[in-house]
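Here is how the chains run, residue by residue.
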Amino acid sequence: MAHRIAIIGYGGMGAWHADELQTMEEPQVAGVWDLKPERLALAAEKRLHVYGGLEDLLRDAGTDLVLVATPNDSHKPLAIRAMQAGKNVICEKPVTLSSGDLNEMIAVSAQTGRLLTVHQNRRWDEDFLTIRKILESGELGAPFRIESRVQGAHGIPGDWRQMPEKGGGMILDWGVHLLDQALLLFPEAKVETVYATVTNITNQKVDDGFSADLGMDNGVHILVEVGTSNFIALPRWVALGADGTAVIEDWQLNGRLVCAHGRDETDVAPVITAAGLTKTMAPRRRDTIATYPLPAVRSDVRDFYRNVTATLDGREERLITLEQVARVMRLMEAVVRSAAVRQVVPFE
Ligand code: NAD
């Protein structure tokens, strides 16, 4: 029997899920529920079944999965309620607002024997998969610094994302993706230290951006930055190794690798600047470097759902584990702590 899923919260993301799922054989969308009548009307217009309420949705014996796509503060009660009603749960990110809340959710998953997983869809981002491939190839030599940024110039959307009690702010919104990706670049490494700052440029209630330096025990520093007042966006990724540098400019995968080629440069020609000359900062001579296109990795984000159904059928291991989700939650808490005390905090 095909897996069938009911969607709680038919807002921007709930509608995205419904559209994506309709391109797949399973899980089939059984129906949706939202508190707002206008969202239910839209769902009906799109020929989706509309439940009469949360309890009606949970009573549907024809579903084995529930997707929670509501604002962040309601993930925990809805996910717990759904697991207690016998449903497996896919929760939107961030799974919830704190490690304490997450532990409660994990306990209910264990008690009920229902799957709880999180839509960490940006693991399928092609820019992330490409930078990971570059690092794995060893072409840059020993890596020492990675920079991961997303930067917009619209501030935070003026909805629940601006409310702390709803789980607003950019650490929970984008940080959860970028920190998850960062941890997957060096799966064996521990994060020893975290130093973070937050911004409040467009509002004073929640962070509208942050910067976090993760000091890894393999000697690499990973800088993760999210900004919403950046009228010139810096590259999505920069990776530096002893023998080369990679830049991925954007989600369209513009960028390049520049690597040392052949012998070291000896007779460096100095650069003349307005106020003096420098050999140290002169560009490498062309015959001692090689420039390569990015080894672009393509992906299909629907592999997320395929892995969920294959996990339920016992055919695959789950890709997004609760241990990983819990580690990212603790890391977000360390980012908040470091920014509050303006100090480096130890992590692992
Ligand atoms: P949204 O405001 O567009 O939609 C939320 C919807 O939930 C609204 O229609 C609201 O009426 C409904 N809702 C609120 N409480 C409810 C309840 N108790 N029962 C039923 N419906 C309820 O927000 P959004 O942008 O769709 O975000 C929803 C979730 O998806 C958030 O957790 C967000 O972080 C996540 N999200 C994830 C991604 C991603 O790429 N993974 C992208 C955007 C949003």
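Residues numbered from 1 in each chain as written. Predicted model: local features only at pLDDT ≥ 70, side-chain atom pairs only at ≥ 80, totals over all residues. Heavy atoms only, no water.

(A) Structural view of the site of the ligand. Close contacts around the ligand come from 23 residues, with M13, D34, N72, K93 and N121 the closest. Interatomic distance of 2.6 Å between a side-chain N/O atom of D34 and an oxygen atom of the ligand. Between the ligand and E92, the relevant distance is 3.0 Å, taken from a nitrogen atom to a side-chain nitrogen or oxygen of the residue. Taken by itself the ligand offers 850 Å² of open surface, and the protein chains cover 84% of this. Partitioning the shell around the ligand into residue classes produces eight nonpolar, nine polar and six charged. (Near = heavy atom within 4 Å. Polar contact = N/O pair within 3.5 Å; in protein donor to acceptor, adjacent residues only side chain to side chain. Areas by Shrake-Rupley, 256 points an atom, 1.4 Å probe, with all protein chains shown as cover. Nonpolar A, V, L, I, M, F, W, Y, C, P; charged D, E, K, R; others polar.)

(B) Examining the packing of helix 7 (residues 170-185) against helix 9 (residues 322-341) more closely. It is at 9 Å that the axes of helix 7 and helix 9 come closest, and there the two elements cross at 120 degrees. By the angle class used here, helix 7 and helix 9 are oblique. The hand of the helix 7/helix 9 crossing is right-handed. Here I171, L172, G175, V176, L179, D180, L183 and L184 of helix 7 come into contact with helix 9, specifically with Q324, R327, V328, L331, M332, V335 and V336. Residue composition of the contact of helix 7 with helix 9, grouped by class: eleven nonpolar, two polar and two charged. (Axes fitted to C-alpha atoms, helices over the stretch in contact; angles between N-to-C directions. Helix = DSSP H or I, 4+ residues; strand = E, 2+ residues; numbered from the N terminus. Parallel < 35°, antiparallel > 145°, perpendicular 65-115°, else oblique. Left-handed = near helix turned anticlockwise from the far one by under 90°. Contact = heavy atoms within 4.5 Å.)

That is the geometry; function is a separate question.
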